[in-house]
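Each chain is listed here by its residues.
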Amino acid sequence: MNRSLTLLSALLLTATLQGCGDDSKPAKAEAPQAASSAAATPAGDSCSGHELERALPPTKAVYGYPYLSRECGYDSATIVYGKADGSQQLVVTLTDTGLPAPGADQQGEAAKQYLAAQAKLRDTTAKNVSLLNQARQAALQNGTAAQFGGEQYLPVIDSTRMGDPLAISVPSPDDKAGESSLTGLIKGRYVLNMTSPDKPNGGTAQSLRELFVPISEQMALTKLP
């Protein structure tokens, strides 16, 4: 999950839950970091035959975004769309947090740290989705959405076809460098992230929802174990 999503959730909660008392404020969500792996990937297309390949969106243009590249590691797969000059970009990442630690020693300190990092990634992703939903509701109820550019720039919640919640977050209209994000925890195991610096139709949450969610629907997430 990118830094702007976490900052937005924290800012929304701070501004919209004022006056509720410290005990009523949810804890600030920490930005999850996918655990790194030293496992080598095959030469050539590292996603060919990878367990996550079946769930990736297609290696062709999607919704006006040309396909650029994809790369898979031990526990993650990333596919990039857009233009080579960077004027258009969309990145989709799927991380499997349910794998055993890489390497033969499953009882060693490195394995324990890996599993702990993956558990934190799962928990933080689910927490951020919940916090963004709470922030949206609080801003609407308290009439503070205008602080963030209006209701159209508040986070929105959608879901996969299986019912897993997805949170779409966009920067305020004054933040020209911020990225929009979709994030969600799939089947309680797989972390799905999409990011884009592009701002179609003014970069409203609904505009990015109409970009991100259809791409998620092209992913064969039901085929994941």
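Residues numbered from 1 in each chain as written. Predicted model: local features only at pLDDT ≥ 70, side-chain atom pairs only at ≥ 80, totals over all residues. Heavy atoms only, no water.

K.L.:
Lay out the pairing of strand S3 (residues 89-96) with the relevant residues and their values.
P.N.:
In terms of residue burial, S3 counts as a mostly covered element, since six of its eight residues are buried. Adjacent in sequence and paired antiparallel, strand S2 (residues 76-82) and S3 are bridged by six residues, among which Gly86 carries a positive phi angle near 85 degrees. In the sheet, S3 pairs with strand S7 (residues 190-196) via six bridges, with the strands oriented antiparallel. Considered in S7, the bridge of Leu94 is made with Leu192. (Buried < 20%, exposed > 50% of the residue type's maximum accessible area, 1.4 Å probe, protein only. Helix = DSSP H or I, 4+ residues; strand = E, 2+ residues; numbered from the N terminus. Pairing = 2+ DSSP bridges.)

K.L.:
Summarise helix H3 (residues 205-217); cite the residues concerned and give the values.
P.N.:
Here H3 contains 13 residues, and its C-alpha end-to-end distance of 18 Å stays within 8% of the 18 Å for a straight helix at 1.5 Å per residue. Listed as buried for H3 are Ala205, Ser207, Leu208, Leu211, Phe212, Val213, Pro214, Ile215 and Ser216. (Expected span 1.5 Å × (residues − 1).)

K.L.:
So what about the environment of Leu185? Which residues, and what values?
P.N.:
By the element assignment, Leu185 lies in strand S6 (residues 180-186). Counting along the chain gives 59 residues from Leu185 to Ala126, while the straight-line C-alpha distance between them is 6.1 Å. If we skip the residues at most four places from it in the chain, Leu185 touches Arg122, Thr125, Ala126, Asp164, Pro165, Tyr190 and Val191. (Contact = heavy atoms within 4.5 Å.)

K.L.:
Hey, could you go over the side chain of Thr160 for me, with residue numbers and the actual values?
P.N.:
Locating Thr160 in the fold gives a position in the loop between strand S4 (156-159) and strand S5 (165-169). Looking at Thr160, the relative accessible area reads 8%, which means it is buried.

K.L.:
Just give me the short version of the side chain of Thr204, but keep the residues and values in it.
P.N.:
Examined against the element boundaries, Thr204 turns out to sit in the loop between S7 and H3. Thr204 gets classed as buried once you look at its relative accessible area, which sits at 14%.

K.L.:
Could you give me a rundown of the state of the cysteines, with the residues and numbers involved?
P.N.:
Note on terminology: a disulfide is the covalent bond linking the sulfur atoms of two cysteines. Inspection of every chain in the model, using the stated rule, returns one disulfide. Residue Cys47 pairs covalently with Cys72 via a disulfide, S to S 2.0 Å. With the S-S dihedral at roughly 100 degrees, the linkage between Cys47 and Cys72 falls on the right-handed side. With Cys47 in the loop between helix H1 (3-16) and strand S1 (67-72) and Cys72 in strand S1, this residue pair connects regions lying 25 residues apart in the sequence. Owing to a relative accessible area of 0%, Cys47 belongs among the buried residues under this scheme. By relative accessible area, which is 2% here, Cys72 ends up buried. (Disulfide = S-S within 2.5 Å.)

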